[in-house]
Amino acid sequence: MILVINCGSSTIKYQLFSQDVATVTAKGAVAKIGEPGAYLDHQSGDQKITLEQDIPSHSAGFELIINTLLHAEYGAISHINEITAVGHRAVHGADVFVESTVIDDHVIENLEACVPLAPLHNPANLTGIRQARALLPNVPHVAVFDTAFHQTMPPPAYTYALPYELCQQHKLRRYGFHGTSFRYVSRRTAEVLHRPVEELKSVICHLGNGVSIAAVDGGKSVDTSLGFATFCGAMMGTRSGDFDPGLIFHLHNEVGMSLADIERMVFKESGLLGISGLSNDMRTIETQAAAGHARSQLALDLFAYMIKKYIGAYAAAMGGLNTLVFTAGIGENSPVVRQKVCDGLAFLGITIDNTANTQAVRGAERVISPPDAPVSVLVVPTNEEKMIALDTAELAALPQH
Ligand code: AMP
């Protein structure tokens, strides 16, 4: 079986897949590591349990996960040897990792070198990898990077027009994120449409708590809205998306906000929450907008407008477009957002069928444009864990050196 690990600063999420990656045998998460109120949520088949106990460190968290997976009553394996490979979600692979890779000491050194680019995420990833390798030393471990899919972007898409040498020296460029999601959705889109991926010029809108849009031409990322940091591009739950960086100088120099205050503002106090003053949750924004709350209406309108502009930009970047795909929490579940984004884009060939768009078929992959429309518009639920498991199974099957 393949164990997939997503290690955050105080959480470890896990999913155990069958060897052919067709089914999830067990899944769960350890949360609040090193904090009061730590717990493990675990599900195996119909059985769900929550264990509340001290989890002082990531290593204790991993031990608890393995012991839970081995548990006679609610576990999923009877011997640790049943885990044949481990896949790790890795956030930032810089320009070093262009695809998923089997982890060895050299890979760990390179991951350490990437820490300054993702100081919040990469140290947690590294801790996860080290602990999992210590507990399961005899199986291949694979790192699957959020940034890797976007390494195919051409230089004009990833270069910032700042002093060239400075950018080279400090690796300042657009990297993009959500790459594992985009890769999975791009692959599934071709399968759902029964078309070779090479034919598709797709804009994929990953609309969750984090939002990013990607231009995917022939299965390869050619541009994406997130860049060096994770708050640019389209607006998100609490993150701003694009705004004039001149505001940062103004807020610092004239208004007296510290850089830490500004950083908190753009990451935690902006987006849907900042505009509405109510919530970062799109369900609340939609309900409140429908009830006449003007700032929620503005938040909803702005959210859709920013995405719409990226669709136009990416159609231009690819010299056309034949597929538009919605994924992640909002993209999969909000007919209102999908409709608003597509309104007025008929000039690009984008129209959607109202019935198909509003049918509540949660979790289903489906086409929501009319059959004869020049652009196929789809809803494709993302599954990053499955993509990680597929890569892990594939790489683990290769001879290890
Ligand atoms: P994710 O990060 O992919 O889990 O997505 C989380 C986002 O999905 C949150 O902003 C939720 O408000 C949003 N979401 C989930 N279900 C719905 C729904 N039925 N309608 C609108 N937004 C939803």
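For the structure, see preceding data.
Residues numbered from 1 in each chain as written. Predicted model: local features only at pLDDT ≥ 70, side-chain atom pairs only at ≥ 80, totals over all residues. Heavy atoms only, no water.

**Focus: the side chain of Thr327**
Its place among the elements puts Thr327 in strand β12 (residues 323-327). Side chain to side chain, Thr327 and Glu332 meet in a polar contact 3.3 Å long. Aside from chain neighbours lying at most four places away, what touches Thr327 is Ser181, Val185, Ile204, Cys205, His206, Leu207, Glu332, Val380, Pro381 and Thr382. (Helix = DSSP H or I, 4+ residues; strand = E, 2+ residues; numbered from the N terminus. Polar contact = N/O pair within 3.5 Å; in protein donor to acceptor, adjacent residues only side chain to side chain. Contact = heavy atoms within 4.5 Å.)

**Notes on helix α2 (residues 105-113)**
Buried within α2 we find Val107, Ile108 and Leu111. Around the axis of α2, the buried residues are gathered within 100° of arc, so they sit on the same side. Structural note: α2 exposes Asp105, His106, Glu109 and Ala113 on the side pointing more than 90 degrees away from its buried face. Where α2 is buried, its residues meet β7 (101-102), α3 (122-135) and β8 (141-145). (Buried < 20%, exposed > 50% of the residue type's maximum accessible area, 1.4 Å probe, protein only. Arc of directions from axis to C-beta.)

**Here we look at the pairing of strand β9 (residues 201-207)**
Of all seven residues in β9, six are buried, a share of seventy percent or more. The pairing of β9 with β12 spans five bridges and is classified as parallel. In the strand pairing of β12, Cys205 is matched with Phe326. (Pairing = 2+ DSSP bridges.)

**Looking at the site of the ligand**
Taken together, Gly208, Asn209, Asn280, Asp281, Met282, Arg283, Glu286, Ala328, Gly329, Ile330, Asn333 and Ser334 make up the full set of residues adjacent to the ligand. Asp281 has a polar side-chain atom sitting 2.4 Å from an oxygen atom of the ligand. Met282 is positioned such that a nitrogen or oxygen atom in its backbone is 2.9 Å from an oxygen atom of the ligand. Coverage of the ligand by the protein amounts to 74% of the 500 Å² it exposes when considered alone. (Near = heavy atom within 4 Å. Areas by Shrake-Rupley, 256 points an atom, 1.4 Å probe, with all protein chains shown as cover.)

**Side note on unusual backbone geometry**
Of note in the backbone geometry, His178 takes a positive phi value of approximately 60° without being a glycine. Checked against the element boundaries, His178 lands in the loop between α5 (164-170) and α6 (179-193). Residue His194 is not a glycine yet carries a positive backbone phi of 55°. Tracing the backbone through its elements, the reader meets His194 in the loop between α6 and β9.

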